[in-house]
Amino acid sequence: MLQEVNVESVEKPKAAAEKTRLSSVANAIRLVKTFSDDDYEIGISNLAKRLLLPKSTVHRLAATLIDAGLLEQNPENGKYHLGLVVFELGSLVRRKMDFSTEAKPYLMSLREKTGETVHLAILDYSSILCVNTLESKQTIRMTLDVGRRKPAYCTAEGKVLLAYQSPEVVERMLSGKLVPRTPGTIVDEEELRQELIAIRSRGYAIDDEESELGLRSLAAPVRNYTGDVIAATSIAGPSQRLTKKILLSFATDVVTASESISQRLGYNPARARRRI
């Protein structure tokens, strides 16, 4: 026996159910994102107030999140805090994040602003290792190929990276290794130590024809989510075009690019200040 079915009456409840499920997912995400360093534990009443949801709804959401390990409840005060699964997922993202790839949009923006070649480099023993480079579009330009090394003590990238190392690391890397590459190379250990202190104070380093005649560069530190300096962003160009005055005028742009990359990697300046 055939029976005529009203399709609309079937689809409407189905669509409503899907909408409800999506709404629940959105509210669960909102609940998880409510927590922060300042609000590590939050009670059900406070959660309901912040989410503008009934307590009964928040209770159901919290129970579901607890079952999934995303939320935990303090048995002493009944308040909720994020579960270990959130930590595990965050750690996974951080481990798998390729900071060179994450940095590229900011490096491209920096190249457009300055018109000069942009580098991203890391410290490897007593050298810097270039892990990303975007060449200037100008006819006369400077570059450092990916995978190439240069001494740390006489480059802007190297000096800014050394400035944030422990004194023991700096001593081990510099002792007896300061060979002049140009007349401007700093080869006096105490002078270089004072230079590193100054770099840390102002937040960037310059290479004023110290590693190579005819080359000037400026670099700023890139931090990971723990606040450790893991790389340096820099601009480099021929000294006849990139005078020292022009170079210093780009300092804010380089520092801003480095800070943006750091934040993309999870660095939170406010949290770092509270730890200090």
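About the cut-offs
- Residues numbered from 1 in each chain as written.
- Predicted model: local features only at pLDDT ≥ 70, side-chain atom pairs only at ≥ 80, totals over all residues.
- Heavy atoms only, no water.
- Pairing = 2+ DSSP bridges.
- Helix = DSSP H or I, 4+ residues; strand = E, 2+ residues; numbered from the N terminus.
- Buried < 20%, exposed > 50% of the residue type's maximum accessible area, 1.4 Å probe, protein only.
- Contact = heavy atoms within 4.5 Å.
- 1 Å grid on protein atoms, 1.4 Å probe; cavity = no way out; pocket = protein on both sides within 12 Å on 5 of 7 lines; lining within 4 Å.
- Points joined across faces, edges and corners; volume = space filled by probe spheres on them.
- Nonpolar A, V, L, I, M, F, W, Y, C, P; charged D, E, K, R; others polar.
- Phe/Tyr/Trp six-rings, centres within 6.5 Å; stacked < 30°, edge-to-face > 60°.
- Lys NZ or Arg CZ within 6 Å of the ring centre and 35° of its normal.
- Axes fitted to C-alpha atoms, helices over the stretch in contact; angles between N-to-C directions.
- Parallel < 35°, antiparallel > 145°, perpendicular 65-115°, else oblique.
- Left-handed = near helix turned anticlockwise from the far one by under 90°.
- Polar contact = N/O pair within 3.5 Å; in protein donor to acceptor, adjacent residues only side chain to side chain.

A. Fine view of the pairing of strand β3 (residues 117–124). The sheet contact formed by β3 and strand β8 (residues 229–238) spans five bridges and is antiparallel. For His-119, the partnering residue across the bridge sits in β8 and is Ser-234. In this sheet, strand β4 (residues 127–134) lies alongside β3 in antiparallel orientation, the contact comprising seven bridges. Note on β4: the bridge partner recorded for Asp-124 is Ser-127.

B. Seen up close, the environment of Val-131. In this fold, Val-131 is placed in strand β4. Look at Val-131 and you get partly exposed, because its relative accessible area is 22%. Between the C-alpha atom of Val-131 and that of Arg-149, which follows or precedes it by 18 residues, the distance is 9.9 Å. If near-sequence neighbours (up to four positions away) are discounted, Val-131 is found in contact with Phe-99, Ser-100, Leu-120, Ala-121, Ile-122 and Val-146.

C. Quick look at the pairing of β4. For β4, the tally of buried residues reaches seven of eight residues, placing the bulk of the element in the interior. Where β3 folds back onto β4 in an antiparallel hairpin, the turn is made up of two residues, including Tyr-125, whose phi is positive at roughly 60°. In the sheet, β4 pairs with strand β5 (residues 149–151) via three bridges, with the strands oriented antiparallel. By the bridge assignment for β5, Ile-128 is matched with Lys-150.

D. The arrangement of the layout of surface pockets in detail. A volume near 240 Å³ is recorded for the second largest pocket. Residue lining of the second largest pocket: Tyr-164, Gly-203, Ala-220, Pro-221, Arg-223, Val-255, Ser-258, Glu-259, Ser-262, Gln-263, Tyr-267 and Pro-269, and that is the complete set. Contributing elements (two or more residues each) for the lining of the second largest pocket: β7 (215–223) and α10 (251–264). Broken down by element, the residue count for the lining of the second largest pocket peaks at five residues, all from α10. Grouping the constituent residues of the lining of the second largest pocket by class yields six nonpolar, four polar and two charged.

E. Structural detail: the packing of aromatic side chains. Counting across every chain of the model gives zero aromatic pairs. The positively charged end of Arg-202 is found above the aromatic ring belonging to Tyr-204, 5.3 Å away from the centroid.

F. Focus on the packing of helix α5 (residues 99–114) against α10. Where α5 meets α10, the closest approach of the two axes is 9 Å, and the angle between their N-to-C directions is 165°. On the basis of their axis angle, the class for α5 and α10 is roughly antiparallel. Crossing geometry of α5 relative to α10 is assigned as right-handed. Note on element contacts: α10 touches α5 through Asp-253, Val-254, Ala-257, Ser-260, Ile-261 and Arg-264, opposite Glu-102, Ala-103, Tyr-106, Leu-107, Leu-110 and Lys-113.

G. Expanded view of empty space enclosed by the protein. What the rule picks out here adds up to one cavity of 30 Å³ or more. By volume, the largest cavity is sized at about 30 Å³. Forming the boundary of the largest cavity are Val-170, Glu-171, Leu-174, Glu-189 and Arg-193. For the lining of the largest cavity, the secondary structure elements donating two or more residues are α7 (167–174) and α8 (189–202). Sorting elements by how many residues they give to the lining of the largest cavity places α7 first, with three residues. By residue class, the composition of the lining of the largest cavity is two nonpolar, no polar and three charged.

H. Geometry of the sheet that holds β7. If you walk across this open sheet you meet the six strands as β5-β4-β3-β8-β7-β6, and the pairing is antiparallel. The sheet is open, and its two borders are formed by β5 and β6 (205–208), each paired with just one other strand. The mean angle between the axes of side-by-side strands here comes to 30°, regardless of whether they run parallel or antiparallel. Running over the sheet, α5 touches β3, β4 and β8 and is turned about 140° from β3.

I. How the structure looks around the side chain of His-119. Mapped onto the elements, His-119 comes out in strand β3. Among the polar contacts made by the side chain of His-119, one reaches the side chain of Thr-133 at a distance of 3.4 Å.

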